[in-house]
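# Examination of the molecular architecture
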Amino acid sequence: WIMSVSDGVITSSKLLDHVNKKTSRNVEYKEPIINIFITLGILGAVGFGGYLLLTALKSILGNPRVWLLGALITYSLCMAGIVFNILHGVPFTSVDRNGNVEWFAKGARTQLGAEGYIMSFSITLAGALLIGILKYGPSEDRSKARLLFAVFGIAFMLVLFHIESVYREKVHHYNPSFWPPAHYIRGPLMNDQGNSL
C-alpha cells in the first residue's frame, strides 16, 4: 500500500489506479464537471489575454527589426546549448586547482554554461558584423560609411580570431586558422594539394 517518490506527482487518477491494483477492483475515475469548466475557463482567459496583448503590440510586432532581434536572441540561446545545459545540469563556470574561475571547459566533448553563451554570442556577433560589412561596403562614397566598413571589418577579424583561439584550446589535434598553413603550396588552383580535378 505504500506509494513512493518514484511514482511522481500523485494525482487522483494515480491514487485510484494504485487502489484498484491492490484491491483487484476496476473503479473508474470520473473528472468532476467543475474541473472541466475551470480548465476551459483558464484556457479561454489565456487565449483572450494573448489576443489583447497581440492587438496592443501590433505596431511593435509588425516591425521587421523586432523580428530580427528576436530571431538573433533565439538563435543565440539555442546555439549556446541551453537545453543541453538544463538537461545535464551543466555548471555555469568551474574553478581550477589554483582557485581561478574557468569560463571554458577543457576538451572537445565538454562545455560549461558560460562557454556556450560566450561562443554563441561571438558567432552571432561575427554574422552581424558581416551584415554590417555588406551594408556599408566599399561602394559607398561617404566617409562615415567607409569608417563603419573598416570598423566592422576589424571587429569581425578580432571576433573570428577569438573563436579560433577557443577552438584551438579545446581541440588540440585540429588547428583551424583563417589563413592557410605555411606548408600549403601557393599558386594557381592546379597547384592544390590534390583537391583539384
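For the structure, see preceding data.
Residues numbered from 1 in each chain as written. Predicted model: local features only at pLDDT ≥ 70, side-chain atom pairs only at ≥ 80, totals over all residues. Heavy atoms only, no water.

## Digging into the packing of aromatic side chains
Rule in force here: Put simply, two rings from Phe, Tyr or Trp (the six-membered ring, in Trp's case) pair if the centres are within 6.5 Å, and we call them stacked under 30 degrees between planes, edge-to-face over 60, tilted for the rest. Runs of H or I in DSSP of at least four residues are treated as helices and runs of E of at least two as strands, each being numbered from the N terminus. To sort residues, take the accessible area from a 1.4 Å probe on protein chains only and compare it with the maximum for the residue type: under 20% means buried, over 50% means exposed, and anything in between is partly exposed.
For the structure shown, the criterion picks out one aromatic pair. Ring centres 6.2 Å apart and planes at 35° place the aromatic pair phenylalanine 92 and tyrosine 117 in the tilted group. Placement of the pair is phenylalanine 92 in the loop between helix H5 (82-88) and strand S1 (94-95) and tyrosine 117 in helix H6 (residues 113-135), with a sequence separation of 25 residues. Judged by relative accessible area, which is 32%, tyrosine 117 ranks as partly exposed.

## Topic: the packing of helix H4 (residues 64-79) against H6
Note the cut-off: Helix axes are fitted only over the stretch in contact, all axes being lines through C-alpha atoms; the angle between N-to-C directions runs from 0 to 180 degrees. Oblique is the label for every angle not falling under 35 degrees (roughly parallel), over 145 degrees (roughly antiparallel), or within 65 to 115 degrees (roughly perpendicular). Crossings are classed by handedness, with left-handed meaning an anticlockwise turn of the near helix from the far one by less than a right angle and right-handed meaning a clockwise turn. Here a residue-residue contact requires only that any non-hydrogen atoms of the pair lie within 4.5 Å.
Contact geometry for H4 and H6: axes closest at 8 Å, N-to-C directions at 140°. It follows from the interaxial angle that H4 and H6 lie oblique. Handedness of the H4/H6 crossing: right-handed. Counting all contacts with H4, which are made through Leu72, Tyr75, Ser76, Leu77 and Met79, the residues of H6 involved are Tyr117, Ser120, Ile123 and Thr124.

## Considerations on the layout of surface pockets
Applied cut-off: Any residue with an atom within 4 Å of a point lines the site, the site being either a cavity, points on a 1 Å grid over the protein atoms alone where a 1.4 Å probe fits but cannot get out, or a pocket, an open set with protein on both sides within 12 Å along at least 5 of 7 lines. Grid points are joined across faces, edges and corners, and a volume is the space filled by probe spheres set on the points. In this count, Pro and Cys sit with the nonpolar residues alongside Ala, Val, Leu, Ile, Met, Phe, Trp and Tyr, while Asp, Glu, Lys and Arg are called charged and the others, Gly among them, polar.
Each pocket or cavity is described by its volume, and for the largest pocket that value is around 340 Å³. The wall of the largest pocket is formed by 17 residues, among which Gln111, Glu115, Met119, Tyr167 and Lys170 lie closest to the centre. Looking at the lining of the largest pocket, the elements with two or more residues in it are H6 and helix H7 (143-170). Of the residues contributing to the lining of the largest pocket, the split by class is ten nonpolar, four polar and three charged. Taken as a whole, the second largest pocket encloses approximately 200 Å³ of empty space. The wall of the second largest pocket is formed by Arg65, Leu68, Ala128, Leu129, Ile131, Gly132, Lys135, Tyr136 and Phe152.

## Notes on the side chain of glutamate 115
Definition in use: For the purposes of these results, a polar contact is taken to be a pair of N or O atoms within 3.5 Å, where, inside protein, one atom must be able to donate a hydrogen and its partner to accept one; residues adjacent in sequence count only when each atom of the pair is a side-chain atom.
Tracing the sequence through the fold places glutamate 115 in helix H6. Its relative accessible area of 5% is what places glutamate 115 among the buried residues. Separated by 2.9 Å, the side chains of glutamate 115 and lysine 170 make a polar contact. Not counting chain neighbours up to four residues away, the residues in contact with glutamate 115 comprise Trp103, Phe104, Ala105, Thr110 and Lys170.

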